[in-house]
Amino acid sequence: MTDTPSLPEGYEISTDRSRVDAERVHRWLSTDAYWALGRLREKQDRAIEGSLNFGVYDTVSGEQVAYARVVTDRATFAWLCDVYVDPSVRGKGVGTALVAAVREEVRSYGVRRVLLATHDAHGVYEKMGFAPLARPEHWMALLFDQ
């Protein structure tokens, strides 16, 4: 695992749910994130309400520029999901710093395992210590039609 990358100057990370720009997060995910295309606003709002939320904000304007959420019991398990960085700030290290902040926050709870699923960002997560499942045959999923 690498050292914790720092957030670029001019940005800050917060886990304060009241700062999440729910409208913006919904727009990002429902229109531009392959895993959440078409997600209803009500469903996204419930997801935000029931999760540990991380936002990255421009320190001057206060505008949210990235988002991630974690579904966790804060004791034994965590699932990192809905990681999104606005296209205007991609390539600046915002996403890597965001995932590192998530990793450190969840680590502080004593959680043993953090899972995530990604179609195309393996390299980003590998930098933060994520690796393919050692025994994927032990894992199962229950899927419902949407």
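Quick caveat, the model's predicted, so the values are computed rather than measured.

**Student:** Looking at this structure, how should I read the environment of phenylalanine 77?
**Tutor:** Here phenylalanine 77 lies in strand S4 (residues 77-85). Separated by 38 residues in the primary sequence, phenylalanine 77 and leucine 115 place their C-alpha atoms 8.2 Å from one another. Setting aside anything within four residues of it in sequence, one finds phenylalanine 77 in contact with Val71, Thr72, Val111, Arg113 and Leu115.

**Student:** Which parts of the structure should I look at to understand the sheet that holds strand S2 (residues 52-58)?
**Tutor:** Hydrogen bonds between backbone atoms are what pair the strands of a sheet, whose relative direction is either parallel or antiparallel. One open sheet accounts for 5 strands, arranged S1-S2-S3-S4-S5; its pairing is mixed. The open sheet terminates on both sides in strands that have one partner only, identified here as strand S1 (11-14) and strand S5 (113-115). Across the sheet, the axes of successive neighbouring strands diverge by a mean angle of 20°, strand direction being ignored. Sheet topology places S4 next to S5; 3 bridges connect them, and they run parallel. For alanine 78, the partnering residue across the bridge sits in S5 and is valine 114.

**Student:** It is not clear to me how the nonpolar core should be interpreted in this structure. Could you clarify?
**Tutor:** Generally speaking, soluble globular proteins have nonpolar side chains that are buried together. Judged by nonpolar contacts, the single largest core of 24 residues is most densely connected at Val70 and Leu80. Going through the elements one at a time, S2, strand S3 (64-72), S4 and helix H3 (94-108) are the ones with two or more residues in this core. Residue contacts for valine 70: discarding those within four places in its chain leaves Ser51, Leu52, Phe54, Ala78, Trp79, Leu80, Val102 and Val106. Among the nonpolar cores identified, the runner-up in size contains 11 residues, and Val20, Val25, Trp28 and Tyr84 belong to it.

**Student:** What should I look at first to understand the packing of aromatic side chains in this one?
**Tutor:** Aromatic ring pairs are reported here in terms of the distance separating the ring centres and the angle at which the planes meet. In this structure the tally under the stated criterion is 3 aromatic pairs. Taking 5.1 Å as the distance between ring centres and 25° as the angle between the ring planes, the aromatic pair formed by tryptophan 28 and tyrosine 84 counts as stacked. Of this pair, tryptophan 28 sits in helix H1 (residues 22-32) while tyrosine 84 sits in strand S4, and the two are 56 residues apart along the sequence. Exposure remark for tyrosine 84: the relative accessible area of 5% places this residue in the buried category. Pairing tyrosine 125 with phenylalanine 130 gives two aromatic rings, centres 5.8 Å apart and planes at 80°, and the pair type is edge-to-face.

**Student:** Even after reading the chapter, I still don't get H1, so can you show me in this structure?
**Tutor:** Because each turn of an α-helix spans 3.6 residues, side chains separated by three or four positions in sequence point in the same direction. All of the buried residues in H1 are Ala22, Arg24, Val25, His26, Trp28, Leu29 and Ser30. In this structure, the buried residues of H1 make contact with helix H2 (41-49), S3 and S4.

**Student:** Got a minute to help me understand a nonpolar patch on the surface in this structure?
**Tutor:** A cluster of nonpolar side chains, namely Val71, Phe77, Trp79, Leu133 and Trp139, defines an oily patch on the protein surface of about 420 Å² accessible area. When you line up the elements, tryptophan 139 lands in the segment after helix H4 (122-126). Look at tryptophan 139 and you get partly exposed, because its relative accessible area is 36%.

**Student:** Where do I start with the pairing of S3 in this structure?
**Tutor:** A regular strand carries its side chains on alternate faces of the sheet. For S3, a buried count of 7 out of 9 residues is recorded, marking the element as mostly surrounded by other parts of the structure. In this sheet, S3 lies alongside S2 in antiparallel orientation, the contact comprising 6 bridges. Within the sheet, the bridge partner assigned to valine 56 lies in S3 and is alanine 66. Relative to S4, S3 runs antiparallel, the two sharing 6 bridges.

Analysis parameters
Residues numbered from 1 in each chain as written. Predicted model: local features only at pLDDT ≥ 70, side-chain atom pairs only at ≥ 80, totals over all residues. Heavy atoms only, no water. Helix = DSSP H or I, 4+ residues; strand = E, 2+ residues; numbered from the N terminus. Contact = heavy atoms within 4.5 Å. Pairing = 2+ DSSP bridges. Axes fitted to C-alpha atoms, helices over the stretch in contact; angles between N-to-C directions. Core = buried A, V, L, I, M, F, W, Y, C linked by side-chain atoms within 4.5 Å. Buried < 20%, exposed > 50% of the residue type's maximum accessible area, 1.4 Å probe, protein only. Phe/Tyr/Trp six-rings, centres within 6.5 Å; stacked < 30°, edge-to-face > 60°. Patch = residues over 30% accessible without salt bridge, like charges linked within 9 Å, V, L, I, M, F, W, Y side chains within 5 Å. Areas by Shrake-Rupley, 256 points an atom, 1.4 Å probe, with all protein chains shown as cover. Salt bridge = Lys/Arg side-chain N within 4 Å of Asp/Glu carboxyl O.

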